[in-house]
Amino acid sequence: MRYVTVTALSHTGLIRDHNEDSLVVGPWTLCGTVTENPQTLVFPLVRPLVVAVADGMGGQPGGEVASELTVRQLAIVGATLDSEDVLRDALNVCNQAVYAAADRNPALTTMGTTVAGVVVLPESVLAFNVGDSKVLNATPDGLEQLSVDDSPPAAPGHRTTSLITQSLGGAVHFTPVTPHITSTPLSLSGRYLACTDGLTDPVPEETLDDLLQAHGSNNGKAAFELWKAAIEAGGPDNITLALVGVAE
């Protein structure tokens, strides 16, 4: 039988005073809290398994509320996400839920979140995102980005930008989204990294690849070293990541 291992952590970083990131792994969620060490969960691959991170938008109210709403909704429907169409509908429902919550509480107007993750199916993986959180396929030959950044080009001399062109919620009035979904064959040799930009903004992709290659057989060590690299680069934002592997 094939099984899925998920090693994840979530941390405030060194600058922010609280964690607006959330995480979903199958039926489990982690919202606005801090894990001291990477945690690993194992699931038999008998039904769709969703693993995703959500990064509440800073500088606007209720980022942690928007990210929590999103991952809790995905946890509820995760086992039903067996096709691109069903996944797309679920992400649209997440967007509607964020706006509906803001409508009920004016203090949460314009709250929003990104989301990025994978749905592991028996023969394929659906990578998805809205916003600038990323999904990377860590293959033996190097990193391949499966997500599509919803962000404008970075300014000259800068590697990244904090601006995003699409999010769940985030506007005064309801705005529909166009989720990015990519289907790839299931790989027993690769690993999938879903992470917020608290990891990828301060840590170059080459460093991420080096660390994943160096700790290819130990996801717990790899996750810790990825987090450590972000902290050593200043830890400017919340850091949430999940490493997903499939084995027999």
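Now for a look at the structure at hand. (Residues numbered from 1 in each chain as written. Predicted model: local features only at pLDDT ≥ 70, side-chain atom pairs only at ≥ 80, totals over all residues. Heavy atoms only, no water.)

1. Overview of helix α5 (residues 219-232)
What counts is decided by this rule: Here a helix means four or more residues in a row that DSSP labels H or I, a strand means two or more in a row labelled E, and each is numbered from the N terminus. A helix's residues, less one, multiplied by 1.5 Å, set its expected span. Whether a residue is buried, partly exposed or exposed follows from its accessible area with a 1.4 Å probe, protein chains only, as a fraction of its type maximum: under 20%, in between, or over 50%, in that order.
Between its first and last C-alpha atoms α5 spans 20 Å; for 14 residues at 1.5 Å apiece the expected length is 20 Å, and the two agree. Asn 219, Ala 222, Ala 223, Glu 225, Leu 226, Trp 227, Ala 229, Ala 230 and Ile 231 are the residues of α5 that are buried. Following α5 by one or two positions, Gly 234 adopts a phi angle in the positive range, close to 110°.

2. Quick word on the pattern of salt bridges
In plain terms, the rule: Each reported salt bridge corresponds to a side-chain nitrogen of Lys or Arg within 4 Å of a carboxyl oxygen of Asp or Glu.
According to the stated counting rule, one finds six salt bridges in the structure shown. The closest approach of N and O atoms between Arg 16 and Asp 237, which form a salt bridge, is 3.2 Å. Here Asp 237 lies in the loop between α5 and β13 (239-247) and Arg 16 lies in the loop between β1 (3-11) and β2 (21-25), a separation of 221 residues in the sequence. Given a relative accessible area of 43%, Arg 16 falls into the partly exposed group. Look at Asp 237 and you get buried, because its relative accessible area is 15%. Among the ionic pairs, Arg 72 bridges to Glu 68, the shortest N-O distance being 2.8 Å. Within this pair, Arg 72 and its partner Glu 68 are both found in helix α1 (residues 63-77), separated by four residues, close to a single helical turn. Of the residues examined, Arg 72 reaches a relative accessible area of 42% and is grouped as partly exposed. We classify Glu 68 as partly exposed; its relative accessible area is 30%.

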